[in-house]
Amino acid sequence: MSYKVHHFEVKMGKDDLKLEHFLNSLRGEVVSIVPNVKPIFRPMGATAKVDFLLIIEKR
């Protein structure tokens, strides 16, 4: 059993079709999707942003 980790740059709200196409093009089984969440501090309060996704595929 082997695994492959893919690094997927994402802009939330814009790359949903790109992510869907990427996931459908994978040959193996998707085991997990791990978002990299980064805090952002703005004058109106704190929020969070997803920079990229780590997608673990089992081949």
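Everything numeric here is computed off the predicted structure, so don't read it as measured data.

Caption draft 1: Main features of the sheet that holds strand β2 (residues 29-42). The antiparallel open sheet is built from three strands, whose spatial order is β1-β3-β2. Of all the strands in the sheet, the pair left with one neighbour each is β1 (3-9) and β2. Across this sheet, the average inter-strand angle for adjacent strands is 25 degrees, counted without regard to direction. Both β1 and strand β3 (residues 45-58) contribute to a ladder of seven bridges, which runs antiparallel. Across the sheet, residue K4 finds its bridge partner in β3, namely E57.

Caption draft 2: Just the nonpolar core, in detail. Membership of the largest hydrophobic core is limited to seven residues, which are F8, V10, L19, L26, V50, L53 and I55. In terms of residue count, the dominant contributor to this core is β3 (three residues). Those residues in contact with I55 that lie beyond four places of it in its chain are K4, V5, H6, F8, L19, F22, L23, L26, V30, S32 and I33.

Caption draft 3: Spatial organisation of the side chain of H6. Among the secondary structure elements, H6 is positioned in strand β1. A residue is classified by how much of its surface remains accessible, and H6, at 13% relative accessible area, is buried. For H6, the contacting residues outside a window of four places in its chain are F22, L26, L53, L54, I55 and E57.

Caption draft 4: Geometry of the pairing of β3. Where β2 lies against β3, 13 bridges are found, and the strand directions are antiparallel. Each residue of the ladder has a partner; that of N36, found in β3, is F52. Counting the residues between successive antiparallel strands, the hairpin from β2 to β3 contains two residues.

What counts and what doesn't
Residues numbered from 1 in each chain as written. Predicted model: local features only at pLDDT ≥ 70, side-chain atom pairs only at ≥ 80, totals over all residues. Heavy atoms only, no water. Pairing = 2+ DSSP bridges. Helix = DSSP H or I, 4+ residues; strand = E, 2+ residues; numbered from the N terminus. Axes fitted to C-alpha atoms, helices over the stretch in contact; angles between N-to-C directions. Core = buried A, V, L, I, M, F, W, Y, C linked by side-chain atoms within 4.5 Å. Buried < 20%, exposed > 50% of the residue type's maximum accessible area, 1.4 Å probe, protein only. Contact = heavy atoms within 4.5 Å.

Spatial relationships are all this shows, so hold off on functional conclusions.
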